[in-house]
Structure formats: C-alpha cells, structure tokens
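One-letter residues, chain by chain:
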Amino acid sequence: MGNYPNAAQGLKMIFWAAIAAIISAVVSVIPILGIIGAIAVIVCGIISFLGVRKASADDEGYHKALVYTIANIVIGIIQIFTDDIKIVGTLVGIAGSIVSLMVTYYICITTAKILRNVGSDAIADKGIKVWNIIKICTIISVICSFLSIIPIINIIAAVIAVVVAIVMIVAEIMYLIFLKNSYEALGA
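In this text the structure is predicted, and so the values were computed from the model without any measurement.

Quick notes on helix H2 (residues 34-55)
Part 1: The end-to-end C-alpha distance of H2 is 32 Å, a good match for the 32 Å that 22 residues give at a rise of 1.5 Å each.
Part 2: All of the buried residues in H2 are Gly34, Gly37, Cys44, Gly51, Val52 and Ala55. All buried residues of H2 fall inside an arc of 95 degrees around its axis, so they share one side. Along H2, the residues that are exposed and aim more than 90 degrees away from the buried face are Ile35, Ile36 and Ile42.

Let's talk about the environment of Cys44
Part 1: If you trace the backbone, Cys44 turns up in helix H2.
Part 2: Under the relative-accessibility criterion, Cys44 is labelled buried at 7%.
Part 3: Distance from Cys44 to Val130, taken between C-alpha atoms, is 22 Å for residues 86 residues apart in sequence.
Part 4: Residues in contact with Cys44, not counting those within four places in the same chain, are Ala17, Ala20, Ala21 and Ser24.

A look at the nonpolar core
Part 1: In terms of nonpolar packing, the biggest core is built from 36 residues, with Leu11, Ile107, Leu115, Ile134, Tyr175, Leu179 and Leu186 touching the most fellow members.
Part 2: No other element matches helix H6 (residues 153-185), which puts 9 residues into this core.
Part 3: Not counting the four nearest positions on each side in its chain, Leu115 is found in contact with Ser120, Asp121, Ile123, Ala124, Phe178, Ser182, Ala185 and Leu186.

Some details on the packing of aromatic side chains
Part 1: Enumeration over the complete set of coordinates arrives at 5 aromatic pairs.
Part 2: On the basis of an interplanar angle of 75 degrees and a centroid distance of 4.9 Å, the ring pair of Tyr105 and Tyr106 is categorised as edge-to-face.
Part 3: Classification of Tyr105 by relative accessible area gives partly exposed; the value is 27%.
Part 4: Accessibility expressed as a relative area gives 17% for Tyr106, which makes it buried.
Part 5: On the basis of an interplanar angle of 65 degrees and a centroid distance of 4.9 Å, the ring pair of Tyr105 and Trp131 is categorised as edge-to-face. Placement of the pair is Tyr105 in helix H4 (residues 86-117) and Trp131 in helix H5 (residues 121-147), with a sequence separation of 26 residues.

Quick word on helix H3 (residues 60-82)
Think of an α-helix as 3.6 residues a turn; residues three or four steps apart then line up on the same face.
Part 1: The first and last C-alpha atoms of H3 sit 33 Å apart over 23 residues, in line with the 33 Å expected at 1.5 Å per residue.
Part 2: Residues Gly61, Tyr62, Ala65, Leu66, Thr69, Ile75 and Thr82 constitute the buried set of H3.
Part 3: Packed against the buried residues of H3 are helix H1 (5-28), H2 and H4.
Part 4: Capping of H3 at its N-terminal end is provided by Asp59; its side-chain oxygen lies 2.7 Å from the backbone amide nitrogen of Gly61.

Procedures and definitions
- Residues numbered from 1 in each chain as written.
- Predicted model: local features only at pLDDT ≥ 70, side-chain atom pairs only at ≥ 80, totals over all residues.
- Heavy atoms only, no water.
- Helix = DSSP H or I, 4+ residues; strand = E, 2+ residues; numbered from the N terminus.
- Expected span 1.5 Å × (residues − 1).
- Buried < 20%, exposed > 50% of the residue type's maximum accessible area, 1.4 Å probe, protein only.
- Arc of directions from axis to C-beta.
- Contact = heavy atoms within 4.5 Å.
- Core = buried A, V, L, I, M, F, W, Y, C linked by side-chain atoms within 4.5 Å.
- Phe/Tyr/Trp six-rings, centres within 6.5 Å; stacked < 30°, edge-to-face > 60°.
- Polar contact = N/O pair within 3.5 Å; in protein donor to acceptor, adjacent residues only side chain to side chain.

Treat this as a map of the structure, not an account of what it does.
Shown next as structure tokens:
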C-alpha cells in the first residue's frame, strides 16, 4: 500500500499540525501564554502547508490544495488589516472561508481518490461524507455572514451561525479522523 508515500507523510503532517493548532489556539487565550499560543498557531500553519506541499508530490490534486493554501495565507494577512472595517472585513472573511473550503475539497477528494486506488473504499467514502458536511456548513456560514450585515435579520443569522458552528466542530473532528485513517491506510 505504500504507492503514495509523500501523500501519507503529508497527510500525517497536516493531521498533527491541526491537532497542535487546536491546542495552541486554546493556549493563546490564556493571558500569560497568549503570545506563545499565537506563535504556535502560526508554526502549525507552516507545518500544515509543508504537509500539503509534501503530499503534492504524489498527486496533482494536492498541488491545487497547495495553491489554495497559499491564497488562504494571503487572505489571512489581509484579514488582519481589514477586520475593523465592517463590510470589508466581512467580505475578506467570506473569501477566506471559500478558499479554506477549496483546500478541504482538494484534500478530501484527492485523498479519497488515492484511497480507492489502494482498496480503502470505506475510508474514501468517509472522506466524501466529511467533505459534504463541511461544504454545507461553510455555505450556510457564508450566507449567515452576508445576512449579519442586515439589522434584525442578523439576529436570526447569528442563531443559525451558532448551530452551524457546533455542526462544524463535529465535522472538523470527523475530518481529523479521516486524515488519521488515511495516512495510516497509505502506510505512514
């Protein structure tokens, strides 16, 4: 099953970077450890980028994910400077959500494709399911972001956004499990 060693190692890097980023994000809200956690989140982003880059050696789909990952980094930098400008900040945030969705798309779809090539259809199917849940949640979140600009409707949008955020947490856990199962199935 070692036909995709770079994909296996890249997915493993993406998985562990995501786990470390979650821990780092939690640490970053602790006042005395905030800067350490924030720096760690950035380092995790770099490790994840390197994981996608490594995986891209085995399949063109990961290369597309890499391009969107770079775009997401650029959007993240722009967002730092536009967060205080209500409409612009919202639009940049929406662009970030869409680009992040494309990264997830290419990682899930490409990984599912190579998993099928090595006979791991059940894991591939879970990847497609995860992708569809994340896609639906992101679309609803983007709609809620647009609606959050409109008075009164923004209250309904906020309630929906909270529900979607909870579902998205579950989907992200499923995504992490998919990444772990994938890199193990590919021999990492």
